[in-house]
Amino acid sequence: MRIETVSVFPQMFDVPMSLSIIGRAREKGLLSFAAHDLRDWTGDRHRTVDDEPYGGGQGQLMMVQPVFEALDDLLAHEPATVVFFTPAGEPFSHAIATELSKQSRLVLVCGRYEGFDERVYTRADRCISLGDYVLTGGELAAMVVTDAICRLLPGVLGDELSNVEESFADGLLEFPQYTRPSVYRDLAVPSILLSGDHQKIAEWRRKQSILKTAQIRPDLLERASLSNDEWSIARAALKDYNGRA
Ligand code: ADE
């Protein structure tokens with residue numbers, strides 16, 4: 001897969017895109033990445049990318065012309081899914097990461113200032129928000145999305161199972177995990193995990209996932225696929241937590 005970003009701070013991507021799992025994915029040829037400088041598509045001496053909003057208002061907006069020309073060039077010879085980052089986009093999720101990970105090429109367009117001239121969105125295949133808060137720019141959002149996609153690409157994570165068992169893959173939060181020592185200060189690892197009984201451990205983990213989701217993210221339960229028995233566990237937990245709140 002190829003991911004390209006367009007922004008006024010391409011150098012922000014240097015370190016995050018070179019280290020750890022993303023760095024290794026690039027070395028192995030599983031991901032190719034390039035950060036383009038939006039100012040390369042400006043026409044004036046000052047390489048201007050922003051201007052005042054028509055009708056007045058606070059701050060500056062990203063101009064339509066450099067974004068259009070960047071996309072004209074980048075899409076001239078090869079198609080790509082074009083993604084814009086904005087707080088007014090669809091909330092990013094595991095489901096969106098999975099969909100994007102199946103595309104062969106993504107162009108991620110990152111804004112700054114008070115946002116984009118609305119006309120840029122005529123070039124968007126998707127607009128994505130990281131959450132209900134305002135970032136100083138879309139670069140961090142592009143890094144988060146690239147990171148979440150990269151670990152879903154075949155061959156990137158050593159253990160293929162780690163994607164399946166994880167938070168959100170089945171619509172639930174991940175069960176609690178522990179490593180050595182089995183007791184630290186007065187904190188002991190649940191004894192079932194030391195029992196060697198894999199069937200019981202799998203059942204315990206599933207139940208813990210349901211309990212944790214009911215406590216922290218009850219909104220996720222509606223879309224999770226639970227058996228009737230599991231629904232009873234979830235409902236009892238929700239009643240319990242609501243009673244305590
Ligand atoms: N740009 C500014 N805030 C953002 C957010 N919450 N998500 C995506 N892009 C943004």
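Just so you know, the residues in each chain are numbered from 1, in the order the chain's sequence is written. Local features in this predicted model are restricted to residues whose pLDDT is 70 or higher, and side-chain atom pairs enter the listing and the counts only when it is 80 or higher, whereas totals over whole chains, interfaces and linings include all residues. Side-chain calculation: all heavy atoms of the structure are included, whereas hydrogens and water are not.

Peer 1: Would you take a moment to explain the domain arrangement of the protein chain for this structure?
Peer 2: Where interface size is given, it is often the accessible area lost as the parts come together that is meant. What counts as a domain boundary in this text is fixed by an automatic or database domain assignment. Once the domains are mapped, the protein chain shows domain 1 (2-150) and domain 2 (167-244). On a C-alpha basis, the centres of domain 1 and domain 2 stand 37 Å from each other.

Peer 1: What should I look at first to understand the sheet that holds strand β7 (residues 126-129) in this one?
Peer 2: The strands making up a sheet associate through hydrogen bonds between their backbones, and the pairing can be parallel or antiparallel. Pairing between strands requires that DSSP locate at least two bridges from one strand to the other. Numbered from the N terminus, helices here are DSSP runs of H or I no shorter than four residues, and strands are runs of E no shorter than two. What the five strands build is an open sheet, ordered β2-β1-β6-β5-β7; its pairing is parallel. The outermost strands of the open sheet, each flanked by one partner alone, are β2 (32-37) and β7. Between one strand axis and the next, the sheet turns by 30° as a mean value, whatever way the strands run. By the bridge criterion, four bridges tie strand β5 (residues 81-91) to strand β6 (residues 105-109) in an arrangement that is parallel. The residue bridging F84 from the neighbouring strand is V109, located in β6. A contact between two residues is defined here by any heavy atoms of the two lying within 4.5 Å. Helix axes use the C-alpha atoms of the stretch in contact, all axes being lines fitted to C-alpha atoms, and the angles between their N-to-C directions lie in the range 0 to 180 degrees. Packed on one face of the sheet, helix α2 (residues 64-74) meets β1 (2-7), β2, β5 and β6 and runs near 170° to β6.

Peer 1: Would you mind showing me how to read the nonpolar core here?
Peer 2: For soluble globular proteins, the rule of thumb is that nonpolar side chains tend to be buried together. Here, the term nonpolar core denotes a set of buried Ala, Val, Leu, Ile, Met, Phe, Trp, Tyr and Cys residues that are joined through side-chain atoms within 4.5 Å. Here's how the labels work: a residue is buried when its accessible area is under 20% of the maximum for its type, exposed when over 50%, partly exposed in between, all with a 1.4 Å probe on protein chains only. By size, the foremost hydrophobic cluster in this structure holds 27 residues, and its most contacted members are F85 and L100. Of all elements in the fold, only α1 (20-27), β5, α3 (94-101), β6 and α4 (139-150) reach the threshold of two or more residues within this core. Not counting residues within four places of it along the chain, the set of residues in contact with L100 comprises M1, T81, V83, L106, R126, I128, V145 and I149. With 18 residues, the next largest nonpolar core counts W41, V82, F84 and V109 among its residues.

Peer 1: Hey, could you run me through the environment of G196 in this one?
Peer 2: Tracing the backbone shows G196 in the loop between β9 (187-188) and α6 (198-216). A relative accessible area of 48% places G196 in the partly exposed class. Put simply, G196 and L157 are 39 residues apart on the chain and 26 Å apart in space, counted from C-alpha to C-alpha.

Peer 1: Sorry, what's going on with α1 here?
Peer 2: Turn by turn, an α-helix covers 3.6 residues, leaving residues three or four places apart pointing in a common direction. Among the residues making up α1, those that are buried are I22, G23 and A25. Down the axis of α1, the buried side of the element spans an arc of 160°, and every buried residue falls inside it. Turned more than 90 degrees away from the buried face of α1 sit S20 and E27, all of them exposed. Residues of α1 that are buried sit in contact with α4. Directions pointing from the helix axis toward each C-beta atom define the arc.

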